[in-house]
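As a plain string of letters, each chain reads:
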Amino acid sequence: MKFLLPILLVCASLSPVFSQTNKRPNIIFIMSDDHAYQAISAYDKRLISTPNIDRIAKNGILFTNASVTNSICAPSRATILTGKHSHLNGKVDNHFPFDTTNITFPQILKANGYQTAMFGKLHFGNSPKGFDQFKILPDQGNYYNPDFITKKEGNIKVNGYVTDIITDMTLDWLKQERSANKPFMLMYLHKAPHRSWLMAERHLDEMTQKNYPEPKTLFDDYSGRTAPAKEAEMNILTSMSWAGDNKVYPATMDSLKIPEIGFDKRRFAAEMGRLNPSQKANFERVYDRINAEFKKAYPSMTEQDKMRWKFQRYMQDYLGTIRAVDENVGRLLDYLEANKLMENTIIVYTSDQGFYLGEHGWFDKRFIYDESFKTPLMVSWPKHIKPGQKSDALVQNLDFAQTFLDAAGIPAPKDMQGQSLIPLMTGKAWSRDAVYYHYYEYPAEHMVNRHYAIVTKKYKLIHYYFSADTWELIDREKDPLELKNVYNDPAYASIRKTLHRQLEALRVKYKDNSTISNGYIDRFLNDAADGKV
Ligand code: SGN
Ligand code: CA
């Protein structure tokens, strides 16, 4: 054996399978929840500086036209894992569990020798398949002292701040559980910056003192588009809650006779109820001051002033949560650098969708207008992707599964619907003229009507259906703020015709022939009757 071992090792190193195994890259998929690209300095420096997230773009490629197929949490995650549009993987909305008979890319990687782990938010209503290890938040999860569902220890509660905890779990896994003999695929999935925007205690003082530039369309009156934009319940002034979101104390609301929006006070109480006494004292120190200032200012505020005040409060808290995401991404990158794990690791930073930061007067997502249709995406892989690149290619969350399988040298199942981004990222031929979008979750919170659409670099052709039946055509070059529907403008007659033809072709290509999908409405009404929604 003493003599045999070196021979075996030499033979093994010459065997193509072994050497290929050795070269297979690690994959680290970092995804935040509701992280708008406007809130990443690699895209836009006006709101916040995110030096650590930006490191990934500097080391690799930044996509300026990345988008999702259905701008809402669990459906986006299902599309990422399956490489299929919502109508085929079945996860059209947030309400019902993911169908675990779907084949996901982590299952395929694991079966092909990858070590796999997931930490953070999944939001599927069930546990992920294909993972050697996972610790996931139940449902949306909580910012403070969160519970986790774990593969090996059952349900646990961890004290502290969620973004730090998810990172600790991720680093612990890299240090203690990662096998040196296998490539790994790690999903590091933040809850932040999802609503209700509770930042880490250490950022409270700094982040609640700032003032932010307003977007040009903060006071959009929705007159240039068809009915769904106006009907949506996403306007900061009229739908963002005073207590639950903006942290106006219920007692302050009572003293000023401010009516509740939604389950305003109950949501606030639920959030604060999770804090331990020292966390609570820290929040109160800061929010006492804000409440005192607000009490003085409120009586003379116009409706416009209220909108402006709520926008600033929203930005302080939302961006506050991103400070911890950026710091923690930095901790992970530092560890990878220090342990020589950068070179052959594909690192992705993205979000499950974009988010409105006051554009069109909105918060939340769901619509196909740019800020929520597009999503941040940057990828580094030093051995293969030249640093400092920018791409405006029409890439989507639909493409991840095939990209990762391609990088690992594994053929993708024929029924996956995306396109590997490896050729595009490594300077080879890649093309796509248009992408397809379909949003379903209606009637539901925020009341964004169902719609499907085709998007090219120049245009969007959108069909709102269900409670509306309207078409919109947006000229992305002439109208980048997306304020004007030109569907009925005779100057666009021939473009409209072409886009209709292309949209029908895309629906055939992606096998989407339904508008009312998958019994959603019946399930929704049943749940509503049972008081579940
Ligand atoms: C919660 C939020 C909504 C948000 C959905 C979906 N309301 O219900 O504002 O749109 O999640 O978000 S809250 O009052 O509970 O905060 S997603 O990212 O999971 O799709
Ligand atoms: Ca989300």
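Summarised in this report is the structure supplied together with it. Everything numeric here is computed off the predicted structure, so don't read it as measured data. (Residues numbered from 1 in each chain as written. Chains lettered and ligands numbered in written order. Predicted model: local features only at pLDDT ≥ 70, side-chain atom pairs only at ≥ 80, totals over all residues. Heavy atoms only, no water.)

Attention now goes to unusual backbone geometry. The step from Ala-192 to Pro-193 runs through a cis peptide bond, and the omega angle for that step is 0°. With an omega of 20°, the peptide bond running from Arg-195 to Ser-196 counts as cis. Among the secondary structure elements, Ser-196 is positioned in the loop between strand E7 (184-189) and helix H8 (204-207). Despite not being glycine, Asn-145 shows a phi value in the positive range, around 50°. Relative to the helices and strands, Asn-145 is located in the loop between strand E4 (133-137) and strand E5 (147-150). Look at Asn-145 and you get buried, because its relative accessible area is 3%. Despite not being glycine, Lys-511 shows a phi value in the positive range, around 60°. (Helix = DSSP H or I, 4+ residues; strand = E, 2+ residues; numbered from the N terminus. Buried < 20%, exposed > 50% of the residue type's maximum accessible area, 1.4 Å probe, protein only.)

Below, the discussion takes up the packing of helix H13 (residues 277-297) against helix H14 (residues 303-338). Contact geometry for H13 and H14: axes closest at 13 Å, N-to-C directions at 170°. It follows from the interaxial angle that H13 and H14 lie roughly antiparallel. Residues Tyr-287, Ile-290 and Phe-294 of H13 touch H14, and the partners they reach there are Trp-309, Arg-313 and Asp-317. Considering only residue class, the contact of H13 with H14 consists of four nonpolar, no polar and two charged. (Axes fitted to C-alpha atoms, helices over the stretch in contact; angles between N-to-C directions. Parallel < 35°, antiparallel > 145°, perpendicular 65-115°, else oblique. Contact = heavy atoms within 4.5 Å. Nonpolar A, V, L, I, M, F, W, Y, C, P; charged D, E, K, R; others polar.)

Moving on to the side chain of Arg-366. Tracing the chain through its elements places Arg-366 in the loop between strand E8 (345-351) and helix H15 (370-373). Of the polar contacts made by the side chain of Arg-366, one reaches the side chain of Tyr-439; its length is 3.0 Å. Apart from residues lying up to four places away in sequence, Arg-366 is in contact with Ser-71, Ile-72, Ser-372, Tyr-437, Tyr-439, Glu-441, Glu-445, His-446, Val-448 and His-451. (Polar contact = N/O pair within 3.5 Å; in protein donor to acceptor, adjacent residues only side chain to side chain.)

In this section: the packing of aromatic side chains. This model, assessed by the stated rule, comprises 35 aromatic pairs. Look at Trp-197 and Tyr-314: their rings are 4.8 Å apart centre to centre, the planes differ by 45°, and that puts the pair in the tilted class. Here the residue Trp-197 occupies a position in the loop between E7 and H8, and Tyr-314 occupies one in helix H14, the gap between them amounting to 117 residues. What makes Trp-197 buried here is its relative accessible area of 0%. (Phe/Tyr/Trp six-rings, centres within 6.5 Å; stacked < 30°, edge-to-face > 60°.)

The next subject is the side chain of His-123. Following the sequence through the fold, His-123 ends up in the loop between strand E3 (115-121) and E4. The class of His-123 is buried, set by a relative accessible area of 6%. Among the polar contacts made by the side chain of His-123, one reaches the side chain of Asp-139 at a distance of 3.2 Å. Excluding residues that lie within four positions of it along the chain, His-123 makes contacts with Cys-73, Ala-74, Asn-94, Asp-139 and Gln-140.

Further remarks concern the site of ligand 1. Close to ligand 1 lie 17 residues; Arg-195, Asp-364, Arg-366, Glu-445 and His-446 are nearest. At a separation of 2.9 Å, an oxygen atom of ligand 1 approaches a polar side-chain atom of Asn-94. Between ligand 1 and Arg-195 there is a distance of 2.7 Å, counted from an oxygen atom to a side-chain nitrogen or oxygen. With the chains in place, 85% of the 460 Å² that ligand 1 exposes on its own is no longer accessible. For the shell around ligand 1, the residue count by class is two nonpolar, six polar and nine charged. (Near = heavy atom within 4 Å. Areas by Shrake-Rupley, 256 points an atom, 1.4 Å probe, with all protein chains shown as cover.)

The next thing to look at is the sheet that holds E5. Strand order in this open sheet of ten strands is E6-E5-E4-E3-E7-E1-E8-E9-E2-E10, and the pairing throughout is mixed. Taken across any chain shown, the strands that pair with only one partner, and hence form the sheet edges, are strand E6 (154-157) and strand E10 (389-391). Across this sheet, the average inter-strand angle for adjacent strands is 15°, counted without regard to direction. Pairing between E8 and strand E9 (residues 377-380): four bridges, direction antiparallel. Of the residues in E9, the one forming a bridge with Thr-350 is Leu-377. Most of the contacts of helix H4 (residues 73-82) go to strand E1 (residues 26-32), to which it runs at about 165°, and overall it touches E1, E3 and E7. (Pairing = 2+ DSSP bridges.)

Attention now goes to the coordination of the calcium ion (ligand 2). Each protein donor to the calcium ion (ligand 2) is listed here as Asp-33 (OD), Asp-34 (OD), Asp-352 (OD), Asp-352 (OD) and Gln-353 (OE1); together their distances run 2.1 to 2.8 Å. Every donor residue of the calcium ion (ligand 2) comes from the same chain, spaced as D-D-x317-D-Q. Pair noted here: Asp-33 is in the loop between E1 and helix H3 (51-59) and Asp-352 is in the loop between E8 and H15, with a separation of 319 residues, a long-range link. (Donors = N, O, S within 2.8 Å, 3.2 Å for Na, K, Ca; no water.)

In this structure the tally under the stated criterion is 39 salt bridges. One salt bridge in this structure joins Arg-55 and Glu-337, with 3.3 Å as the shortest N-O distance. Here the residue Arg-55 occupies a position in helix H3, and Glu-337 occupies one in helix H14, the gap between them amounting to 282 residues. The class for Glu-337 is partly exposed, based on a relative accessible area of 42%. The partner of Asp-415 in a salt bridge is Lys-84, with the nearest N and O atoms 3.1 Å apart. (Salt bridge = Lys/Arg side-chain N within 4 Å of Asp/Glu carboxyl O.)

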